[in-house]
Amino acid sequence: MKDSYIAAKERWAQKMAGKGKRSIRSADRLPPGQRLVTDFPTLDLGIQPEVPLERWELKIHGKVASPATLNWERFKALPQFKDVSDFHCVTTWSQFDMEFEGVSFFTLTDLVQPLPEASHVYFKAYDGYTTNNSLDALMDDDVLIAHSWNGEPLAKEHGGPARVIVPKRYAWKGAKWVKEIIFLDRDLLGFWELRGYSNTADPFTDDRFA
Ligand SMILES: Nc1nc2c(c(=O)[nH]1)N[C@H]1C(S)=C(S)[C@@H](COP(=O)(O)O)O[C@H]1N2
Ligand SMILES: [Mo]
């Protein structure tokens, strides 16, 4: 078991126990080339799918021991996780102190049990969008599937019923209207990753394009 994984899960356990530390403010908090906004812009492919809660499903499968298809009731019955993070879009806007609530990625991996060969994760969304992440990038204390933002159910334009939040990556790495989470034993590029965007997408190293 990797030390970085254990450390991240420990930080997450502290947050789940209500003892997590808030992100520390510093002069370096805004990544290079970004400007601060407060109006949470929306970005999508021009489609904002309407997914009624009674038809919503999240299918989690691939290289896992216990695949799961969650309906809304089962998803909301999982341990709930609230966290505050900063949000960075590759089109140069960032917004600080975004409070998202949902189900943490650690809770999902505890549920489906990724197999040892699982190394990457591919996300599919209800609008046809796809994106990918390494499993390492997701096994962090701030990654979640969010259904609420700043105390309100996530609006449709921001990916409601539920979206993925990966704060340490540019925001295109988090699928809005998430529908499927597929664990893989190899990498598979998503929509923007196939179109010239960086596969690692680290805002703090200006890592925008491949
Ligand atoms: N399903 C889906 N997810 C998506 C996108 C999309 O077009 N479809 N756009 C991505 C991009 S480029 C960004 S910056 C963020 C924008 O989230 P927001 O519209 O809530 O600001 O969602 C990401 N997730
Ligand atoms: Mo974006």
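In short, a report on the structure. (Residues numbered from 1 in each chain as written. Chains lettered and ligands numbered in written order. Predicted model: local features only at pLDDT ≥ 70, side-chain atom pairs only at ≥ 80, totals over all residues. Heavy atoms only, no water.)

**Some words on the site of ligand 1**
Near ligand 1 there are 21 residues, and of these Pro-41, Asp-127, His-158, Arg-163 and Lys-176 occur at the shortest range. Measuring from an oxygen atom of ligand 1, one finds a backbone N or O atom of Leu-43 at 2.8 Å. Lys-176 places a polar side-chain atom, nitrogen or oxygen, 2.5 Å from an oxygen atom of ligand 1. Relative to its unbound accessible area of 530 Å², ligand 1 is 98% covered by the protein chains. Class assignment of the residues belonging to the shell around ligand 1 gives a composition of 13 nonpolar, three polar and five charged. (Near = heavy atom within 4 Å. Polar contact = N/O pair within 3.5 Å; in protein donor to acceptor, adjacent residues only side chain to side chain. Areas by Shrake-Rupley, 256 points an atom, 1.4 Å probe, with all protein chains shown as cover. Nonpolar A, V, L, I, M, F, W, Y, C, P; charged D, E, K, R; others polar.)

**Quick word on the packing of helix 1 (residues 3-16) against helix 3 (residues 105-112)**
At their nearest, the axes of helix 1 and helix 3 sit 11 Å apart, and the two run at 115° to each other. Taken together, helix 1 and helix 3 sit at an angle that is classed as roughly perpendicular. Across the interface between the two elements, Tyr-5, Ala-8, Lys-9 and Trp-12 from helix 1 touch Phe-106, Thr-107 and Asp-110 from helix 3. (Axes fitted to C-alpha atoms, helices over the stretch in contact; angles between N-to-C directions. Helix = DSSP H or I, 4+ residues; strand = E, 2+ residues; numbered from the N terminus. Parallel < 35°, antiparallel > 145°, perpendicular 65-115°, else oblique. Contact = heavy atoms within 4.5 Å.)

**A word on the pattern of salt bridges**
Counted under the stated rule, the structure contains 15 salt bridges. The closest approach of N and O atoms between Asp-136 and Lys-2, which form a salt bridge, is 2.8 Å. With Asp-136 in helix 4 (residues 135-138) and Lys-2 in the segment before helix 1, this residue pair connects regions lying 134 residues apart in the sequence. The residue Lys-168 makes a salt bridge to Asp-142 at a minimum N-O spacing of 2.8 Å. Remark: Asp-142 occurs in the loop between helix 4 and strand 8 (144-149) and Lys-168 occurs in the loop between strand 10 (163-165) and strand 11 (178-184); sequence separation between them is 26 residues. Judged by its relative accessible area of 10%, Asp-142 falls in the buried class. Through salt bridges with shared partners, a single ionic network connects Arg-11, Lys-15, Asp-83, Asp-140, Asp-141, Asp-142 and Lys-168. (Salt bridge = Lys/Arg side-chain N within 4 Å of Asp/Glu carboxyl O. Buried < 20%, exposed > 50% of the residue type's maximum accessible area, 1.4 Å probe, protein only.)

**Some remarks on empty space enclosed by the protein**
Per the stated rule, a full pass over the model turns up one cavity of 30 Å³ or more. Reported here for the largest cavity is a volume of approximately 100 Å³. Residue lining of the largest cavity: 14 residues in total, with Phe-87, Ile-165, Val-166, Arg-169 and Ala-171 positioned closest to the centre. Taken together, the elements giving at least two residues each to the lining of the largest cavity come down to strand 4 (81-88) and strand 10. Here the residues of the lining of the largest cavity are counted per class, giving seven nonpolar, three polar and four charged. (1 Å grid on protein atoms, 1.4 Å probe; cavity = no way out; pocket = protein on both sides within 12 Å on 5 of 7 lines; lining within 4 Å. Points joined across faces, edges and corners; volume = space filled by probe spheres on them.)

**Observations concerning the side chain of Asp-83**
One can find Asp-83 in strand 4. In this structure Asp-83 comes out as buried when scored by relative accessible area, which is 11%. Within polar-contact distance, the side chain of Asp-83 engages the side chain of Lys-15 at 2.8 Å. Residues within four places of Asp-83 in sequence aside, it is in contact with Lys-15, Met-98, Glu-99, Phe-100, Asp-141 and Asp-142.

Bear in mind that shape data such as this cannot, by itself, settle questions of function.
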